[in-house]
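Each chain is listed here by its residues.
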Amino acid sequence: VQLQASGGGLVQAGGSLRLSCVASGSTFSISAMGWYRQAPGKQREFVALLSNDGTTRYAYSLKDRFTISREKAQNIVYLQMSSLEPADTAAYYCNAKGESWETDYWGQGTLVTVSS
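Let us look at the structure shown here.

Analysis parameters
- Residues numbered from 1 in each chain as written.
- Predicted model: local features only at pLDDT ≥ 70, side-chain atom pairs only at ≥ 80, totals over all residues.
- Heavy atoms only, no water.
- Salt bridge = Lys/Arg side-chain N within 4 Å of Asp/Glu carboxyl O.
- Helix = DSSP H or I, 4+ residues; strand = E, 2+ residues; numbered from the N terminus.
- Buried < 20%, exposed > 50% of the residue type's maximum accessible area, 1.4 Å probe, protein only.

**Regarding the pattern of salt bridges**
Part 1 of the argument: Tallied over the entire structure, the rule returns six salt bridges.
Part 2 of the argument: Residue R37 pairs with D88 through a salt bridge whose shortest N-O separation is 2.9 Å. Of this pair, R37 sits in strand β4 (residues 32–38) while D88 sits in the loop between β8 (76–81) and β9 (90–97), and the two are 51 residues apart along the sequence. We note that R37, like D88, is buried.
Part 3 of the argument: Between D88 and R65 there is a salt bridge whose closest N-O contact spans 2.8 Å. Taken together, the residues D88 in the loop between β8 and β9 and R65 in the loop between β6 (56–58) and β7 (66–71) connect sequence positions 23 residues apart. Across the pair, exposure class does not vary: D88 and R65 are buried alike.
Part 4 of the argument: Sharing partners across several salt bridges, the network here consists of R37, E45, R65, E85 and D88.

Written out as structure tokens, the structure reads:
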């Protein structure tokens, strides 16, 4: 499975961005798709995940501002981010879970910078 993320950029505080991630390759093996992020000097952290059965999971602190969605037929996952804050500045990584959730696939990061 290969993941290609896009949509990052520079935005002012309070603004919005939508990230996209396209999966290719053995997409039949994907059980869920989602996003993680890593701010400078910090560990990578979970953002959101959307399972094949439609179940969504969010980092508690982000659930009111971020929305994950998916075009399953096209193997695309989106992350709509609103009311962005400088603390949201990070590289955002697309993630896919393989069968039985035993394998993690990662895309390259897309950088989101929120200016104050």
